[in-house]
Amino acid sequence: MTMRKISANKITDTVRQLFLDISVYLPKDVSEKIKIASKSEKSITAKNILKQILENAKISSNEKIPICQDTGTAVVFLEIGQNVNITGGNLTDAINEGVRQAYVKGYLRKSIVSDPLERKNTNDNTPAAIHTEIVPGNKLKISVISKGGGAENMSQIRMFPPSTSKEEIKGFVIDTVKKAGANACPPLVIGIGIGGNFDTVTTLAKKTLLRNLNSHNKNKIYKNLENELLTEINKTGIGPMALGGKTTALAVLIKTAPTHITSLPVAVNIQCHANRRKFRII
Ligand code: SF4
């Protein structure tokens, strides 16, 4: 396969447009899930909250204003074809420039501080959290998520021993959702990473948030685990905005990876109903 050139400018333009889009348009699979949930809720409060979330999304898309005031950390997943040659600039700079343009020119909230203790705002929402993967081919897939702090802060990781049962893992996930409560703005999307290492399991959990909410893990064991967890999470009664109801989560999405014989890492990345993500292949 011959090398294909992709300019840094094109990457910047794509990243900018993706973040501008996701800040105002709630993905269709998310709004459809919320619509279905609002019809099946018995609690009037839960029903009303879900309707308000849909109404909020409608206003955002019509008036091109952010779905939520927290427009999040800019998370970027790249799948870079090994036959891609990036020209005219540095890849990391090109992505950060796209984020900067989206957040500054799009008047999105700038939520990144340059130092975790000194807390000085970078004023353009950079740097982005960038994850790269080299894949076969000559295309570049850019997937973005804007990850609000309220939900992200309620996420957890645990390094289990390999003898841990499926029930213990389920207990950890449900406990994480219970602790999240109202802080994560339910109904939630639960991204779960199982396997890998201390560093990679959290990326697995986050990357699975890119999946369509109607999709399932291809492995039957994990597909069943996704279904069981969703049912049990929705039986907790936490409900929309934690004011009671049966819609605590819209989906549970699991991604796995090979792991060490002595390890069973599990990461739960909590995402709020503002599940803003989109991808483009260039
Ligand atoms: S958790 Fe989500 S919906 Fe709630 S404030 Fe943060 S970004 Fe907004």
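So, how was this worked out
- Residues numbered from 1 in each chain as written.
- Predicted model: local features only at pLDDT ≥ 70, side-chain atom pairs only at ≥ 80, totals over all residues.
- Domains from an automatic or database assignment.
- Contact = placed C-beta atoms within 7 Å.
- Helix = DSSP H or I, 4+ residues; strand = E, 2+ residues; numbered from the N terminus.
- Nonpolar A, V, L, I, M, F, W, Y, C, P; charged D, E, K, R; others polar.
- Buried ≥ 20, exposed ≤ 12 C-beta atoms within 10 Å, placed from the backbone.
- Pairing = 2+ DSSP bridges.
- Core = buried A, V, L, I, M, F, W, Y, C linked by C-beta atoms within 7 Å.

S.K.: I keep staring at the domain arrangement of the protein chain and nothing clicks. Help me out?
M.R.: Often, the extent of an interface is quoted as the loss of accessible area upon association of its parts. Assigned domains of the protein chain: these are domain 1 (4-25 + 67-147) and domain 2 (149-275). Between the C-alpha centres of domain 1 and domain 2 there is a distance of 25 Å. Taken together, the contacts link 10 residues of domain 1 with nine residues of domain 2. Those elements that place two or more of their residues in the side of domain 1 that touches domain 2 are β2 (73-81) and β5 (140-147). Considering only residue class, the side of domain 1 that touches domain 2 consists of five nonpolar, three polar and two charged.

S.K.: What's the story with the environment of Met159 in this structure? I'm lost.
M.R.: Within the secondary structure, Met159 sits in strand β6 (residues 156-160). A tally of 14 C-beta atoms within 10 Å means that Met159 is categorised as partly exposed. Along the primary structure Met159 and Glu118 are separated by 41 residues, whereas in three dimensions their C-alpha atoms are 30 Å apart. With residues near it in sequence (within four places) discarded, Met159 still touches Phe198, Ser263 and Pro265.

S.K.: Would you mind showing me how to read the pairing of strand β9 (residues 264-271) here?
M.R.: Within a regular strand, the side chains alternate between the two sheet faces. With seven of its eight residues buried, β9 lies for the most part within the structure. Pairing of β6 with β9 involves five bridges; the strand directions are antiparallel. Directly across from Ile157, in β9, lies its bridge partner Ala267. For strand β7 (residues 188-196) and β9, the ladder comprises six bridges, and the chain directions are antiparallel. Considered in β9, the bridge of Ile192 is made with Val268.

S.K.: Hey, could you run me through the nonpolar core in this one?
M.R.: Within soluble globular proteins, side chains that are nonpolar tend to cluster in buried spots. Judged by nonpolar contacts, the single largest core of 64 residues is most densely connected at Val15, Val76, Val144, Ile190, Ile192, Ala249 and Val252. Per-domain counts for this core show at least three residues from each of domain 1 (4-25 + 67-147) and domain 2 (149-275). Aside from chain neighbours lying at most four places away, what touches Val252 is Ile190, Ile192, Glu226, Leu229, Leu230 and Ile233.

S.K.: Even after reading the chapter, I still don't get unusual backbone geometry, so can you show me in this structure?
M.R.: Backbone geometry follows two general trends: most residues other than glycine have a negative phi, and most peptide bonds adopt the trans configuration. The peptide bond linking Thr126 to Pro127 adopts the cis configuration, its omega dihedral lying at 5 degrees. On the secondary structure map, Pro127 appears in the loop between α4 (91-105) and β4 (129-135). Cis peptide bonds are those with omega within 30 degrees of zero, and the linkage from Pro186 to Pro187 qualifies with 15 degrees. Residue placement: Pro187 occurs in the loop between α6 (166-180) and β7. Despite not being glycine, Cys185 shows a phi value in the positive range, around 55 degrees. The topology assignment puts Cys185 in the loop between α6 and β7. The backbone phi angle of Met241 is positive, close to 55 degrees, even though this residue is not glycine. Here Met241 shows up in the loop between α8 (220-234) and β8 (249-259).

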